Amino acid sequence: MKATVVVGLQWGDEGKGKVVDYISDQYDAAVRFNGGANAGHTVVLNGKKTVFHLIPSAALRGKLLFIGPGVAVDPQRLIDEYNEVKPGHLLVDPRATVTTPFDIWLDGKLEELRGSRIGTTGRGIGPTYANRLYRVSPRVCDVAMGKDPDFGPLYSAFGYSGDLNGWSKMYSEFLRQHMGDVSQELLSLYESGKALLFESAQGTLLDPIYGTYPFVTSSNTIAPYVSIGAGFPFNKVDDVVGVMKAYQTRVGAGPFFTELSGPMADRIRARGNEYGSTTGRPRRVGWLDLVSVRYAVRLNGVTRIALMKLDVLSGLERLLVAVRYRYNGKATVDFARSLYEQPEPEYAELDPMPETDWASAIRSGRLPREALGLVELVERETGVKVWLVSAGQERAMSVEM
Ligand code: IMP
Ligand code: MG
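Parameters and conventions
Residues numbered from 1 in each chain as written. Chains lettered and ligands numbered in written order. Predicted model: local features only at pLDDT ≥ 70, side-chain atom pairs only at ≥ 80, totals over all residues. Heavy atoms only, no water. Helix = DSSP H or I, 4+ residues; strand = E, 2+ residues; numbered from the N terminus. Rg over C-alpha atoms; globule rule 2.2 N^0.38 Å. Buried < 20%, exposed > 50% of the residue type's maximum accessible area, 1.4 Å probe, protein only. Contact = heavy atoms within 4.5 Å. Areas by Shrake-Rupley, 256 points an atom, 1.4 Å probe, with all protein chains shown as cover. Lys, Arg positive; Asp, Glu negative; His and termini not counted. Charge placed at Lys NZ, Arg CZ, Asp CG, Glu CD. Donors = N, O, S within 2.8 Å, 3.2 Å for Na, K, Ca; no water. Near = heavy atom within 4 Å. Polar contact = N/O pair within 3.5 Å; in protein donor to acceptor, adjacent residues only side chain to side chain. Nonpolar A, V, L, I, M, F, W, Y, C, P; charged D, E, K, R; others polar. Phe/Tyr/Trp six-rings, centres within 6.5 Å; stacked < 30°, edge-to-face > 60°. Lys NZ or Arg CZ within 6 Å of the ring centre and 35° of its normal. Salt bridge = Lys/Arg side-chain N within 4 Å of Asp/Glu carboxyl O. Pairing = 2+ DSSP bridges. Expected span 1.5 Å × (residues − 1). Axes fitted to C-alpha atoms, helices over the stretch in contact; angles between N-to-C directions. Parallel < 35°, antiparallel > 145°, perpendicular 65-115°, else oblique. Left-handed = near helix turned anticlockwise from the far one by under 90°.

Participant: What is the right way to look at the overall build of the protein chain in this model?
Facilitator: Scanning the protein chain from N- to C-terminus turns up 13 helices and 18 strands. Computed over the C-alpha atoms, the radius of gyration of the protein chain is 21 Å, within 12% of the 21 Å expected from 2.2 N^0.38 for a compact globule of 401 residues. Each principal axis of the C-alpha atoms in the protein chain carries an extent, and together these give about 60 × 50 × 40 Å. Here the protein chain holds 401 residues, and 58% of them are scored as buried. Within the protein chain, counting contacts between residues at least 6 apart in sequence, those at least 24 apart form 75% of the total. About 16200 Å² of surface is accessible on the protein chain, with carbon and sulfur atoms providing 51% of the total. Where the 46 positive side-chain charges of the protein chain centre and where its 46 negative ones centre are 1 Å apart.

So, in structure tokens, the structure goes:
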């Protein structure tokens with residue numbers, strides 16, 4: 001009996017897909033419980049790269065796969081991904097909210113109407129969750145039963161001219177075949193001794209309550225949302241893997257206190273291949289921000305950390321890590337205050353990491369001294385053990401500490 005959550009400690013794209021794949025051997029089932037097709041979780045297996053958007057990243061390992069009631073389900077994308085991955089098992093909760101063409105259209109429209117663009121992925125995520133709260137969204141069970149979405153008054157209010165008559169018919173058969181009570185199934189599996197792996201999408205700083213609002217996504221991204229988004233009892237989760245990169249990235253607009261520009265940013269972006277896996281947009285990059293990571297560790301109740309992409313920093317002539325924020329000249333570890341006041345990051349300067357043969361460093365378990373310095377700093381500032389260090393895309397390029 002084991003229930004583990006894998007959660008992002010930054011602005012998404014921390015490497016959750018790789019971590020899920022890495023530990024999936026120890027689990028029987030993998031579960032998505034938040035977000036939707038805005039997620040892009042990359043797994044590289046035998047040199048072949050697969051990007052998962054809606055289906056859990058453990059799909060390549062033949063696990064039982066679940067999409068919980070907290071997920072925004074775009075049925076077309078779900079079916080396309082299903083046909084590509086051909087998983088042996090997939091169960092989708094009937095209560096999950098369905099993303100319709102109206103939601104996708106409205107996502108673009110709202111970006112136009114808002115004064116400042118958020119830079120959403122355009123996958124209809126905000127409108128899907130908002131329309132759920134307006135109580136007009138169709139659920140998976142509605143579409144499965146062939147009931148078309150009916151937003152009549154909303155369509156005219158927003159000037160939408162699409163016609164969704166007959167839309168549900170395209171998806172009802174597939175959804176009927178794969179629909180079931182995920183919440184109940186997960187508890188039964190757990191009680192029969194099976195191990196469950198919950199895979200969060202996006203990252204803590206994109207959480208609509210705790211993140212850098214309004215530059216956030218529209219479903220909760222933190223580990224406690226498992227109890228809502230999968231209907232799994234919160235007191236049964238005892239293991240939370242916090243995934244973080246050795247530097248910071250963000251795709252889309254919003255505050256980013258340790259952001260870099262110029263040649264240093266270009267090098268990190270190129271070496272880390274920091275381009276959106278869902279949208280292809282270049283990601284903004286910057287130094288690791290341990291003030292925000294510490295905040296994320298606390299909110300998620302992280303019990304172990306996976307530190308990713310260390311190799312990307314090797315060969316840079318400088319290595320900085322933000323460890324405090326200054327407000328009015330006073331140094332503190334208070335992240336929440338930065339949500340309404342501009343902080344000045346205060347950096348620790350570490351010895352830069354030399355170019356390294358990472359494959360043999362990982363194989364022998366002997367990381368360069370400078371890499372260990374970074375690991376120690378992360379542990380000291382967060383109070384949590386770094387359990388896994390990763391320095392490359394393949395599963396083998398990771399070492400447990
Ligand atoms: P939305 O989730 O498409 O509404 O986008 C809201 C914000 O979250 C934008 O800044 C997106 O770039 C960001 N975002 C959404 N999903 C992801 C993700 O999976 N990784 C990284 N950023 C994301
Ligand atoms: Mg991603």
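Participant: What exactly am I supposed to notice about the coordination of the magnesium ion (ligand 2) here?
Facilitator: The textbook angles at a metal center are 109.5 degrees for a tetrahedron of four donors and 90 or 180 degrees for an octahedron of six. Distances from the magnesium ion (ligand 2) to its protein donors, Asp13 (OD) and Gly40 (O), fall at 2.0 to 2.3 Å. In this pair, Asp13 is assigned in the loop between β1 (2-8) and α1 (16-23) and Gly40 in the loop between β2 (29-32) and β3 (41-45), connecting sequence segments 27 residues apart. A relative accessible area of 13% means that Gly40 is categorised as buried.

Participant: Please explain the site of ligand 1 as it appears in this structure.
Facilitator: The local shell around ligand 1 holds 17 residues, among which Asp13, Asn38, Thr121, Thr217 and Val251 are the closest. Residue Asn38 places a side-chain N or O atom 2.9 Å away from an oxygen atom belonging to ligand 1. Here ligand 1, which alone exposes 470 Å², has 97% of that area covered by the protein. A per-class count over the shell around ligand 1 returns seven nonpolar, eight polar and two charged.

Participant: Got a minute to help me understand the side chain of Lys16 in this structure?
Facilitator: Mapped onto the secondary structure, Lys16 falls in helix α1. The exposure class assigned to Lys16 is buried, which follows from its relative accessible area of 3%. Among the polar contacts listed, one links the side chain of Lys16 to the backbone oxygen of Gln202, at a separation of 2.9 Å. When residues no more than four places from it in sequence are discounted, the contact partners of Lys16 are Val6, Val7, Gly8, His41, Ser200, Ala201, Gln202 and Val243.

Participant: When you look at the environment of Gly124 in this model, what are you seeing that I'm missing?
Facilitator: Within the secondary structure, Gly124 is located in the loop between α3 (101-113) and α4 (125-133). The class for Gly124 is buried, based on a relative accessible area of 0%. Between the C-alpha atom of Gly124 and that of Phe102, which follows or precedes it by 22 residues, the distance is 8.1 Å. Aside from chain neighbours lying at most four places away, what touches Gly124 is Thr99, Asp103, Ile104 and Asp107.

Participant: Just to check I follow, could you spell out the packing of aromatic side chains for this structure?
Facilitator: Each pair of aromatic rings is reported with the distance of its centres and the angle of its planes. Evaluated as defined, the whole model comprises 20 aromatic pairs. With 5.4 Å between their ring centres and 55° between their planes, Phe151 and Tyr155 make a pair best called tilted. The structure contains a cluster of three or more aromatic residues connected by ring pairs, namely Phe102, Trp105, Phe151, Tyr155, Phe158 and Tyr160. Sitting above the plane of the Tyr27 ring, Lys2 keeps its charged end 4.7 Å from the centroid.

Participant: Where do I start with the pattern of salt bridges in this structure?
Facilitator: Oppositely charged side chains can form a pair if their charged atoms are brought close together. Per the counting criterion, the structure on display carries 26 salt bridges. Put simply, Asp74 and Arg77 hold a salt bridge, and the shortest N to O gap is 3.9 Å. The buried category is assigned to Asp74, whose relative accessible area is 7%. Assessed through its relative accessible area of 36%, Arg77 is described here as partly exposed. One connected set of salt bridges, linked through shared partners, spans Asp13, Lys245, Glu274, Arg283 and Lys309.

Participant: Just to check I follow, could you spell out the sheet that holds β2 for this structure?
Facilitator: Backbone hydrogen bonds are what pair the strands of a sheet, in a parallel or an antiparallel way. If you walk across this open sheet you meet the nine strands as β7-β5-β2-β9-β1-β10-β13-β17-β18, and the pairing is mixed. Since the sheet does not close on itself, it has two edges, and those belong to β7 (91-92) and β18 (398-400), each with one partner.

Participant: I'm lost on α3 in this one. Help?
Facilitator: Because each turn of an α-helix spans 3.6 residues, side chains separated by three or four positions end up pointing in the same direction. Look at α3: 18 Å from first C-alpha to last across 13 residues, which is about the 18 Å you get at 1.5 Å a residue. Within α3, burial applies to Phe102, Asp103, Leu106, Asp107 and Glu111. In this structure, the buried side of α3 is in contact with β8 (97-98), α4 and α6 (152-158).

Participant: I tried to follow the side chain of Asp74 on my own but got confused; where do I start?
Facilitator: Here Asp74 shows up in the loop between β6 (72-73) and α2 (75-85). Ignoring any residue separated from it by four or fewer positions in sequence, one finds Asp74 in contact with Leu54, Thr99 and Ile104.

Participant: Please clarify how the packing of α3 against α4 should be interpreted in this entry.
Facilitator: A pair of packed helices can be characterised by two numbers: the angle between their axes and the separation between those axes. Two numbers describe how α3 lies on α4: the axes approach to 7 Å, and their chain directions differ by 110°. Taken as axis vectors, α3 and α4 run roughly perpendicular relative to one another. Viewed along their axes, α3 and α4 form a crossing whose handedness is right-handed. Counted together, Phe102, Asp103, Leu106, Asp107 and Leu110 of α3 and Ile125, Pro127, Thr128 and Asn131 of α4 form the full contact between these two elements.

Participant: How should the packing of α2 against helix α7 (residues 169-178) be read in this particular structure?
Facilitator: At a minimum axis separation of 11 Å, α2 and α7 run at an interaxial angle of 65°. With respect to α7, the axis of α2 lies roughly perpendicular. The crossing of α2 and α7 is left-handed. For the pair formed by α2 and α7, the contact residues are Pro75, Gln76, Leu78, Ile79 and Tyr82 on the first element and Tyr171, Phe174, Leu175 and His178 on the second. When grouped by side-chain class, the residues that make up the contact of α2 with α7 number seven nonpolar, two polar and no charged.

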